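# A structural walkthrough
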Amino acid sequence: LNRTSHFAPLTSSYALWVPKWYPNPNDDQDGNFVEEHARALTAAGGQLAVVFATYDPAPAAPLLRLEAADEHGFRVVRTFYRQRLTGWGALDRVLK
């Protein structure tokens, strides 16, 4: 039995990915495999958006900061939160 399969480009799919790991200013290699999968999905004609959250290591970082950009043909939203809310270790552990 000789069967061939032809895959048409994806035209109507839309995916929202919320990965635990994704390249960011703190670590550009963090989750690069997720980025590569997103690029492959986009190359196949899929539509994609990535929302990623990580801490901001700066001592005077704002409580929350968003960065949105179109990268590799899809939308990436990075959310940065302050690593230490109060600066008091015991209280920060409870709040986290």
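In this text, all values refer to a predicted model and were calculated from it rather than measured experimentally.

## Side note on the pairing of strand E2 (residues 47-56)
Taken together, the four bridges between strand E1 (residues 14-17) and E2 define a ladder with parallel strand orientation. The residue bridging Ala-15 from the neighbouring strand is Leu-48, located in E2. Traced from E1 through helix H1 (residues 32-43) to E2, the parallel crossover comes out right-handed.

## Re the environment of Leu-85
Its place among the elements puts Leu-85 in the loop between strand E4 (74-82) and helix H2 (89-95). For Leu-85, a relative accessible area of 36% gives the class partly exposed. Sequence separation of Leu-85 and Ala-61 is 24 residues, and the distance between their C-alpha atoms is 9.6 Å.

## Concerning the packing of aromatic side chains
Per the counting criterion, the structure on display carries two aromatic pairs. Between the aromatic rings of Trp-21 and Phe-33, the centroid separation amounts to 6.4 Å while the plane-to-plane angle is 55°, which identifies the pairing as tilted. Taken together, the residues span a long stretch of sequence, with Trp-21 in the loop between E1 and H1 and Phe-33 in helix H1 at a distance of 12 residues. A cation over a ring is seen here: Arg-65 above Phe-80, with NZ or CZ 4.2 Å from the ring centre.

## Observations regarding the nonpolar core
Residues Ala-15, Tyr-22, Val-34, Ala-38, Leu-41, Leu-48, Val-50, Phe-52, Phe-74 and Val-76 constitute the largest nonpolar core, which totals 10 residues. When contributions to this core are tallied by element, the ones reaching two or more residues are H1, E2 and E4.

## Brief notes about H1
Look at H1: 16 Å from first C-alpha to last across 12 residues, which is about the 16 Å you get at 1.5 Å a residue. On its buried face, H1 sits against E1, E2, strand E3 (64-71) and E4. Once H1 ends, the next one or two residues include Gly-45, with phi positive near 100°.

## Things to note about the confidence of the model for the protein chain
Looking at the protein chain, pLDDT values average 83 and 84% of them are 70 or higher. Mean pLDDT values over the elements of the protein chain span from 73, in H2, up to 94, in E3.

## Quick word on a nonpolar patch on the surface
On the surface, Tyr-55, Leu-63, Leu-64, Tyr-81 and Leu-85 cluster together into a nonpolar patch covering about 470 Å² of accessible area. Positionally, Leu-63 belongs in the loop between E2 and E3.

## What about unusual backbone geometry?
Positive phi outside glycine occurs at His-72, with the angle close to 55°. Inspection of the secondary structure puts His-72 in the loop between E3 and E4. His-72 sits in the partly exposed class, given a relative accessible area of 40%.

Calculation criteria
- Residues numbered from 1 in each chain as written.
- Predicted model: local features only at pLDDT ≥ 70, side-chain atom pairs only at ≥ 80, totals over all residues.
- Heavy atoms only, no water.
- Pairing = 2+ DSSP bridges.
- Helix = DSSP H or I, 4+ residues; strand = E, 2+ residues; numbered from the N terminus.
- Right-handed = clockwise from strand over helix to strand, strands pointing away.
- Buried < 20%, exposed > 50% of the residue type's maximum accessible area, 1.4 Å probe, protein only.
- Phe/Tyr/Trp six-rings, centres within 6.5 Å; stacked < 30°, edge-to-face > 60°.
- Lys NZ or Arg CZ within 6 Å of the ring centre and 35° of its normal.
- Core = buried A, V, L, I, M, F, W, Y, C linked by side-chain atoms within 4.5 Å.
- Expected span 1.5 Å × (residues − 1).
- Contact = heavy atoms within 4.5 Å.
- pLDDT = per-residue confidence, 0-100.
- Patch = residues over 30% accessible without salt bridge, like charges linked within 9 Å, V, L, I, M, F, W, Y side chains within 5 Å.
- Areas by Shrake-Rupley, 256 points an atom, 1.4 Å probe, with all protein chains shown as cover.
- Salt bridge = Lys/Arg side-chain N within 4 Å of Asp/Glu carboxyl O.

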